[in-house]
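The residues making up each chain are set out below.
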Amino acid sequence: MSDLTPEPPETEKPKTPTSPEEVTRKLEDFIKNTLGGQVLFTRIEGSGVRPAKDGDEKAEGESEADHGAAFEFHYKPADIKAHLDRFVIRQDEAKKVLATAVCDHYHHAQMLREDRESGSTGPRLEFSKQNVIIIGPTGVGKTYLVKHIADLIGVPFVKADATKFSETGYVGADVDDLVRDLVAKANGDIDLAEHGIIYLDEIDKLSSGPEKLGRDVSGRGVQTALLKLMEETEVPLYAPNDIRSQMQMMFDTRKGRTGREVVNTRNILFIVSGAFSGLDKIIEKRTNRKSIGFVSADTKTTAAEHLFRESRTKDFIDYGFEAEFIGRLPVRVVCDPLSADDMFQIMKNSEGSLIRQYEREFAAYGVKAVFEDDALREIASRAEEEKTGARGLVTAWERVLRDFKFEMPSLGLPGLLIDGALVKNPEQVLARCRTEAATFAVELGAAHADEIQAFAGRFQREHGFMLDFDSSAIAAIAARAQREGMHVDAMCAKLFKDYPFGLKLVTRSTGETSFALSADAIANPDKFVSDLVVSACRQRPEAPLSNIIDITPEPTSHES
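Note that the structure is a prediction, hence the values are computed from the model and not measured.

What counts and what doesn't
- Residues numbered from 1 in each chain as written.
- Predicted model: local features only at pLDDT ≥ 70, side-chain atom pairs only at ≥ 80, totals over all residues.
- Heavy atoms only, no water.
- Helix = DSSP H or I, 4+ residues; strand = E, 2+ residues; numbered from the N terminus.
- Buried < 20%, exposed > 50% of the residue type's maximum accessible area, 1.4 Å probe, protein only.
- Contact = heavy atoms within 4.5 Å.
- Areas by Shrake-Rupley, 256 points an atom, 1.4 Å probe, with all protein chains shown as cover.
- Pairing = 2+ DSSP bridges.
- Axes fitted to C-alpha atoms, helices over the stretch in contact; angles between N-to-C directions.
- Parallel < 35°, antiparallel > 145°, perpendicular 65-115°, else oblique.
- Lys, Arg positive; Asp, Glu negative; His and termini not counted.
- Salt bridge = Lys/Arg side-chain N within 4 Å of Asp/Glu carboxyl O.
- Core = buried A, V, L, I, M, F, W, Y, C linked by side-chain atoms within 4.5 Å.
- Phe/Tyr/Trp six-rings, centres within 6.5 Å; stacked < 30°, edge-to-face > 60°.
- Lys NZ or Arg CZ within 6 Å of the ring centre and 35° of its normal.

Asker: Lay out the overall build of the protein chain with the relevant residues and their values.
Answerer: Across its full length, the protein chain carries 24 helices and 13 strands. Within the protein chain, the fraction of its 560 residues that count as buried is 42%. Once local pairs closer than 6 in sequence are excluded, the contacts in the protein chain between residues at least 24 apart make up 76%. Accessible surface computed for the protein chain: about 30900 Å², of which carbon and sulfur atoms make up 52%.

Asker: Tell me about the sheet that holds strand β9 (residues 331-334), and please be specific about residues and values.
Answerer: Pairing is parallel across the open sheet formed by five strands, whose spatial order is β3-β4-β8-β2-β9. Edge positions in the sheet fall to β3 (157-161) and β9, since each of these pairs with one other strand and no more. Averaged over neighbouring strand pairs, the angle between their axes works out to 20° when direction is ignored. Bridge count between strand β2 (residues 132-135) and β9: four bridges; the pairing is parallel. Bridged to V132 within β9 is V331. Sitting on the sheet, helix α3 (residues 92-118) touches β2, β4 (197-201), β8 (269-274) and β9, and the angle it makes with β9 is about 155°. In the packing of helix α5 (residues 176-185) onto the sheet, the strands contacted are β3 and β4, and the crossing angle to β3 comes to about 140°.

Asker: Outline unusual backbone geometry, listing residues and values.
Answerer: Phi is positive for E202, close to 55°, though the residue is something other than glycine. Within the secondary structure, E202 is located in the loop between β4 and α7 (220-230). One non-glycine residue with positive phi stands out, namely K387, at about 60°. In this structure, K387 sits in the loop between α15 (373-386) and α16 (391-411). Its relative accessible area of 62% is what places K387 among the exposed residues.

Asker: Please provide a residue-by-residue account of the packing of helix α18 (residues 426-463) against helix α19 (residues 471-483), values included.
Answerer: In the contact formed by α18 and α19, the axes pass within 7 Å of each other and the chain directions differ by 95°. By the angle between their directions, the pair α18 and α19 is classed as roughly perpendicular. Along its contact with α18, which presents F440, A441, V442, L444, G445, H448, A449, I452 and Q453, the element α19 presents I474, A475, I477, A478, A479 and Q482.

Asker: Any chance you could break down the side chain of D176 for me, citing the residues and the numbers?
Answerer: Structurally, D176 is set in helix α5. In this structure D176 is buried but unpaired, with K228 as the nearest side chain of opposite charge at 4.3 Å. Beyond its immediate chain neighbours, meaning those up to four positions away, D176 contacts K228, L229 and V235.

Asker: Break down the nonpolar core for me, with residues and values.
Answerer: Counting 65 residues, the largest nonpolar core has I197, W397 and I418 as its most contacted members. Here this core gets eight residues from one element, more than from any other, and that element is α16. With residues near it in sequence (within four places) discarded, W397 still touches M347, L354, I355, Y358, F371, A375, L376, I379, I418 and V423. Judged by nonpolar contacts, the second largest core, of 44 residues, contains V175, V179, L182 and A186.

Asker: I'd like a description of the packing of aromatic side chains, backed by residues and values.
Answerer: One pass over the structure, following the stated rule, counts 15 aromatic pairs. Cluster of aromatic residues (ring-pair linked, three or more members): F276, F316, Y319, F321 and F325. The side chain of R377 reaches across the aromatic face of F344, ending 3.7 Å from its centre.

Asker: Could you give an account of the pattern of salt bridges, naming the residues involved and the relevant values?
Answerer: Tallying each qualifying case throughout the model produces 27 salt bridges. When the shortest N-O distance is used, the salt bridge between K314 and D318 registers 2.9 Å. One end of the pair, K314, and the other, D318, are both in helix α11 (residues 313-319), four residues apart, so they sit about a helical turn from each other. For K314, a relative accessible area of 53% puts it in the exposed group. In this structure, R432 engages E436 in a salt bridge whose closest nitrogen and oxygen atoms are separated by 4.0 Å. With a gap of four residues between them, R432 and E436 both fall in helix α18, about one helical turn apart. Residue class for R432 comes out partly exposed when judged on its relative accessible area of 42%. Several salt bridges converge on common partners, so that one network encompasses K81, D85, D92 and K95.

Spelled out as structure tokens, the structure:
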């Protein structure tokens, strides 16, 4: 008699809760597919947001994380300048002024925090923020200076183009987004973000001269919007008018986890920069220093440089800046234009030299590039003519090395000497490299010919096919093995691993068992054997393809 007792139902397994990462991914995909654009969520879990323990909600009145306790500053101005000297050539005066301003700013911020933590009942410490404005032509290292300062002291750094912002309420980026970007750069650590550096380039494009009429939402309006940020204000962590921020707020606001939702800008250092073309004319008019007669371009550049050092607040107001805005940038730094000798020193001695980059690019293909001083001086002279500062070095080098970077990885030469002759006549030197590569490949092939012939012998014994390598094929195999850092025998095994099957098809159709291989077969071995198979099929059009390609599996040893 069968047992009709119903089996007990299986205990339902509890559903695994969706991980925050999975929720993030689904939200990003949903918004991206619905609204378009790139969407990234940042989980704010730094010292400003404290995850609660399971089943433990934050008690009412519980204090938040210590404000500002995450950042300690212990540098001296000479320490910062010495660090900048490793990466930025010249600009000594700018380095000193920047180093001093940064040290003053962060030491004052640290003193304010210590005074607040000590609970002192005396007069509250006050200090005026030493935000910085940097004046200088393009490519002289303005951004480079600020970036390496941020890297040294360990604070998040945000760089933006001032022209992409608009006054709040208009189409364009909101200046408050700069502060939110700092939080993202600090991986959600609000305390660290509140000691970051915001750098705005091309600030001169925000000037609103008398020729600009009507509502200027990307000039005067942005200046006004920046005023509160550059002093002290609290920026909402989630933009109220941005759907992405609101979705992120819903993600971050979970039961049992609360935290500060504003970022204070009191200790954020603002640095702005621009070329300020035309400002020298305003200063020249104020100081009644008109040039008389013929003036060379170099003399004109030097005169403008000296005029910039005499700039006053009124000059910036006449240039089109609000008095309140320029008043919040008390520290003014002037960067010098770069000469050909300066650019030679940048390539020769800077730790961030472009030459190191090119050396690594060639080394990736097994080519050791050696740069001679006469080549550096010739390129420096050409870069000076570009009038784009150190950026002209990239332009000048790319024109010279473009073909070398394309061909050298395939030529198989172990080294490349980049001297003045190469810079002045790159086509002639490249032709000589091709000739040397051919000679080098033949010599290399002769040294490894016995190994390649030994492989051909093994291949014939194992598969019944004779591979007849000519001298160009032997040279190509040896050169490719050296280029890819492989033993010649291993390279042969890699190149011809699929040949037994392909050659078997050819033999069934043509009866051929010996195949001549040239350098073309080494360059593209798969195409070579495919062409052989196609050619064999065309020689026997009356034979169906199934007669040539036998898909019946061979019997195993126990089926024989």
